[in-house]
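# Secondary and tertiary structure notes
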Amino acid sequence: MSRHVLLTVSGTIPPDHVAQAEAGRAPHRDYAELARVCNADLLDYPMARAMGGWFGTLLERFGGSNLLLSWVCFARRHQYRVIMTDGEQVGLPLAVLLKLLSFGARPQHLMITHIISVPKKMVFLDWLRVHSHIDRFLVYATWQKRFIEERWHVPAERVSFTPFMVDTHFFSADRVTANPDASRTICSVGLERRDYPTLLAAVDGVDVHAVIAAASPWAKQPDTTAGQTIPPNVTVQRFNQYDLRQLYADSRFLVMPLYNVDFQAGVTAILEAMAMGRAVICSRTPGQTDVVVEGETGLYVAPGDAAALRTAIQSLLDNPAAAQRMGQAGRALVEREMSLEQYAERLNRHVQAALAVPG
């Protein structure tokens, strides 16, 4: 079968990612599964540099690697019937190029949308009206879906809520042995919009060992533990994904303290913990209400409320059976609705629909 689909990867695809996943050292990459299911070509930074020519080099120098990706997608637009961009950082500049410089037939453009409700991104739609050249927005948060539909009057059928995913084979309690000496351990993971000062205040003096894995390969946000007084019962440490899986196994539950954001900050760690059979305590923000089910897979607390967070943490520490029940329900939920395979199949349905569009 010929390839009619191009998928962008805003980064560098590790040459050994397949071997690492098959050896059980790392989860399978979402873009690799998408490429397999959609029979698509992948385009990452090194590939784009090889294809971009002198003009691509100039664009990357002045506008960054994502602008280079957008340009190469545009330059190769006649070779594909569908282009799926992996975020607004590539999709919005591509939509500008398609709108201003493309005449006649063009590929269908599907854009994975993380957070579009920020001024520097909204200007593309407010002033340039580039949503005319984004045929489908694929969003991870229902708040973002409503925002796009209401602000720019985009028809609901062009804005699809797509739950995020986790590799349920890699992140599985069956793959590791929990450390019995870590019975009073809880964890918190990631950087994007994390409110670690509130978590530090919440666990200070509580009979628990809180491990904060304040790192992320994607987030550009600062580590909010920096400059804070770290209580003696808190460890701040970086982990690779292999060791992070062990941390989830050793923890009673995950705590996800967030600032009041309107997108799915923290969703990767939340789904990883749920896949490991761990309950989740999460800040109830506008953007993070689509994954944790109150009382079933975890608990919500108000953002920035250290007292409420302390109460929720103490509640699950005092009720290990409830935490275990929530963790089991979380595992069942991700197996049922948010596995990597289901994610790829959902997006492939949108790709196939786009391929069916005449022209």
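Let me begin by describing the structure that accompanies this report. Sequence order as written defines the numbering, with residues in each chain counted from 1. Reporting of local features is limited, given that this is a predicted model, to residues whose pLDDT is at least 70; pairs of side-chain atoms are given and counted only at 80 or more, and all residues count toward the totals for whole chains, interfaces and linings. Side-chain metrics rest on all non-hydrogen atoms present in the structure, leaving aside hydrogens and water.

### A look at the packing of aromatic side chains
Side-chain rings of Phe, Tyr and Trp, where Trp is taken by its six-membered ring, are said to pair if the distance between their centres is within 6.5 Å; with planes under 30 degrees apart they count as stacked, over 60 as edge-to-face, and otherwise as tilted. For the coordinates displayed, the defined rule picks out ten aromatic pairs. Arranged with centres 6.3 Å apart and planes meeting at 40 degrees, the rings of Y140 and Y343 form a pair that is tilted. One end of the pair, Y140, is in the loop between β5 (136-139) and α7 (142-152); the other, Y343, is in helix α13 (residues 340-355), with 203 residues separating them in the sequence. Residue Y140 shares its accessibility class with Y343, and that shared class is buried. A ring pair is formed by F171 and Y248, whose centres lie 6.1 Å apart and whose planes are at 70 degrees; its orientation type is edge-to-face. Note that F171 is positioned in the loop between β6 (159-161) and β7 (185-189) and Y248 in helix α9 (residues 241-250), a separation of 77 residues in sequence. The burial state of F171 is the same as that of Y248; both residues are buried. By the ring-pair criterion, three or more aromatic residues cluster together here, those being W54, F55, W71 and F74. Positioned over the ring face of Y242 is R25, at 3.8 Å from the centre of the ring. The ring centre of F170 lies 4.1 Å from the NZ or CZ of R245, which sits over that ring. A helix here means a DSSP run of H or I that spans at least four residues, while a strand means a run of E at least two residues long, and both kinds are numbered starting from the N terminus. Relative accessibility under 20% of the residue-type maximum defines a buried residue, over 50% an exposed one, and the middle range a partly exposed one, all with a 1.4 Å probe and only protein chains included. Placement of a charge over a ring requires the Lys NZ or Arg CZ to be within 6 Å of the ring centre, with the centre-to-atom vector within 35 degrees of the ring normal.

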